Amino acid sequence: MPHLHISEFKEIEFPLSEDGVSFNFIADNINHDEEKLISVTLDGDDFFLLVKEEDNRSLLKSDKLTRPASIFNVHKALLAYAKLAKLDIISSNVPEQQKNIHLEEISSLKKVEYFASNFKPDKEVRIEVGFGSGRHVLHQAAQNPDILFIGIEIHRPSIEQVLKQITIQNLDNLLVLDYDARLFMELIPSNIVGKVYVHFPVPWDKKPHRRVISTSFIKEANRVLKVGGQLELRTDSENYYAYSYETFIAFNKTILHINKNKDIAISSKYEDRWKKMEKNIYDITMINEEESPDLSIEGDFSFSHVELSSQEIELLHKQVKKFDGGFIHFERVYKIKDGVMLRLSMGSFDRPEHLYLIINKGVAEYFPSLPLKSYTNLSAHRFLEKMLHG
Ligand SMILES: C[S@@+](CC[C@H](N)C(=O)[O-])C[C@H]1O[C@@H](n2cnc3c(N)ncnc32)[C@H](O)[C@@H]1O
């Protein structure tokens, strides 16, 4: 993660621009005065830089929630802020000059909005969830040039490694997305996907709500799969296999194929490790045999005038509100020039969305972008809208 360690953080006069980077405003965490967020706009991307006061020094880095697709833009913003505020840099892992060509020029790395707005591919789509080292998805994309692959991962170093390989191998049929795959499935149009690969997902034995395989994931997979399309789960964990089998078989109608120690065309890094340890490998393949209705979700994320006062909003800090099928957690509260900013997690328990909400003179807006249009997010929004109305 790119960062600068500085002897002391200094504020600039907001708004101010440098080298094509706009610094719009600063948000101070009300409950933890060692944390601030700086709003940045660069190349049409809105994101935050995070300032953290540490013992005898400060840290400036990108905020995880709003991290832009290109790491080069984070580098540029960090250096521009340091220059404007005349920061004394103690240590840094940001290259001063050199651009990361792979990341800047790559068109394979997509933001989730690319898929949310009118994604209508003209070929079959295959999705790999949590591609890790990328061995499997890169192999598949090279072998099947007529199929569009979407690789989804949340581990940034793995993403960067695969982006480099896409450039080196000159692949134009592999798109990469840094996003939670469980939320992503809700965006994809119905009946367009040939295969969904979930290979060696983290078993999360102690936090089962974080598992990729769940009733709602299987439901969405069935919807996006074409007739004859397959969801392929491969795991070395007997416990995860048993949990998944139970989850799949609970559906009223389903076709499952079970395999033990089946070899597939390419062995991933994890698979090699388990094979060396002589662990068993389990496959559950679910075959979809029904055409699904088109994806259509009604509703929007607008707010009416906010009636709660700033003080009342500040008191929401750490509160968790539950509604039928979901929740809203008011994680952090920030003071901004003319109002308040909240960091929220909201939506369904197994696939929550993390986002910011700015409330300025009675006008509330999600920042920097709207939540994903899912049924639960819309219910959470309606619940929030009512709460802010008082
Ligand atoms: C155990 S690794 C397996 C990687 C690869 N499939 C393989 O077989 O080598 C699991 C990967 O899934 C990713 N992951 C976990 N939860 C995810 C989610 N909700 N959405 C996308 N990726 C996820 C992790 O970052 C990790 O790289």
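Residues numbered from 1 in each chain as written. Predicted model: local features only at pLDDT ≥ 70, side-chain atom pairs only at ≥ 80, totals over all residues. Heavy atoms only, no water.

- The name given to the protein in an unreviewed UniProt entry is tRNA (guanine-N(7)-)-methyltransferase, with the source organism recorded as Candidatus Sulfurimonas marisnigri.
- Heading Sequence similarities (unreviewed entry) of the UniProt record for the protein holds this comment: "Belongs to the class I-like SAM-binding methyltransferase superfamily. TrmB family." (UniProt positions renumbered as here; feature names shortened; annotations may be inferred.)

## Some thoughts on the domain arrangement of the protein
Right, so step 1: Assigned domains of the protein: these are domain 1 (3-101), domain 2 (106-287) and domain 3 (310-389).
Right, so step 2: Each partner contributes to the interface: domain 1 provides 7 residues, whereas domain 2 provides 7 residues.
Right, so step 3: Counting the surface lost from both domain 1 and domain 2, the interface buries some 560 Å², and carbon and sulfur atoms represent 39% of this.
Right, so step 4: Counting the surface domain 1 buries against domain 2, the share from its top three residues, Arg-67, Ala-69 and Ile-71, is 71%.
Right, so step 5: At the boundary of domain 1 and domain 2, one finds 2 salt bridges.
Right, so step 6: In this structure, the connection of domain 1 to domain 2 is made through 2 residue pairs in polar contact (both at pLDDT 80 or more).
Right, so step 7: Its residues placed into classes, the side of domain 1 that touches domain 2 shows 4 nonpolar, 1 polar and 2 charged. (Domains from an automatic or database assignment. Contact = heavy atoms within 4.5 Å. Buried area = accessible area lost by both parts, 1.4 Å probe. Salt bridge = Lys/Arg side-chain N within 4 Å of Asp/Glu carboxyl O. Polar contact = N/O pair within 3.5 Å; in protein donor to acceptor, adjacent residues only side chain to side chain. Nonpolar A, V, L, I, M, F, W, Y, C, P; charged D, E, K, R; others polar.)

## Focus: the UniProt feature "binding site: S-adenosyl-L-methionine" (unreviewed entry) in the protein
Right, so step 1: The residues that UniProt annotates with the feature "binding site: S-adenosyl-L-methionine" (unreviewed entry) are Glu-128, Glu-153 and Asp-180. Considering the C-alpha atoms alone, the annotated residues occupy 53 residues of sequence yet fold into one spot, their largest mutual distance being 12.0 Å.
Right, so step 2: Looking at where Glu-153 falls in the secondary structure, it is placed in strand E10 (residues 148-153).
Right, so step 3: Glu-153 gets classed as buried once you look at its relative accessible area, which sits at 9%.
Right, so step 4: In contact with Glu-153, other than residues within four places in its own chain, are Gly-130, Phe-131, Gly-132, Ser-158, Ile-159, Leu-177, Asp-178 and Tyr-179. (Helix = DSSP H or I, 4+ residues; strand = E, 2+ residues; numbered from the N terminus. Buried < 20%, exposed > 50% of the residue type's maximum accessible area, 1.4 Å probe, protein only.)

## Examining the nonpolar core
Right, so step 1: Ranked by size, the top nonpolar core spans 40 residues in total, and within it Ile-127 and Phe-184 carry the most contacts.
Right, so step 2: At 4 residues, the largest contribution of residues to this core is made by helix H7 (residues 215-224).
Right, so step 3: Discounting residues that sit within four places of it in the chain, Ile-127 has contacts with Ile-150, Ile-152, Phe-184, Met-185, Ile-188, Val-193, Lys-195, Val-196 and Tyr-197. (Core = buried A, V, L, I, M, F, W, Y, C linked by side-chain atoms within 4.5 Å.)

## Quick notes on the side chain of Thr-376
Right, so step 1: Note on placement: Thr-376 falls in helix H11 (residues 375-389).
Right, so step 2: Leaving out residues up to four positions away in the same chain, Thr-376 has contacts with Phe-323, Gly-325, Gly-326, Gly-347 and Ser-348.

## Structural notes on the sheet that holds E10
Right, so step 1: The strand order across the open sheet formed by 8 strands is E8-E11-E10-E9-E12-E13-E15-E14, and the pairing between neighbours is mixed. Two strands in the sheet have a free side with no partner beyond their single neighbour: strand E8 (109-110) and strand E14 (255-260).
Right, so step 2: Both E10 and strand E11 (residues 174-178) contribute to a ladder of 5 bridges, which runs parallel. Its bridge partner being in E11, Gly-151 is matched across the sheet by Val-176.
Right, so step 3: Of the strands in this sheet, strand E9 (125-129), strand E12 (193-199), strand E13 (225-235) and strand E15 (282-287) touch H7, which is tilted by about 140° from E13. (Pairing = 2+ DSSP bridges. Axes fitted to C-alpha atoms, helices over the stretch in contact; angles between N-to-C directions.)

## With respect to helix H8 (residues 238-249)
Right, so step 1: Helix length check: H8 (12 residues) gives 16 Å between terminal C-alpha atoms against 16 Å at 1.5 Å per residue, within 8%.
Right, so step 2: Buried within H8 are the following residues: Tyr-240, Tyr-241, Ser-244, Thr-247 and Phe-248. Looking straight down H8, one finds that the buried residues subtend no more than 130° of arc, so they occupy a single side. Pointing more than 90 degrees away from the buried face of H8 are the exposed residues Glu-238 and Glu-246.
Right, so step 3: Residues of H8 that are buried in the fold lie against H7, E13, E14 and E15. (Expected span 1.5 Å × (residues − 1). Arc of directions from axis to C-beta.)

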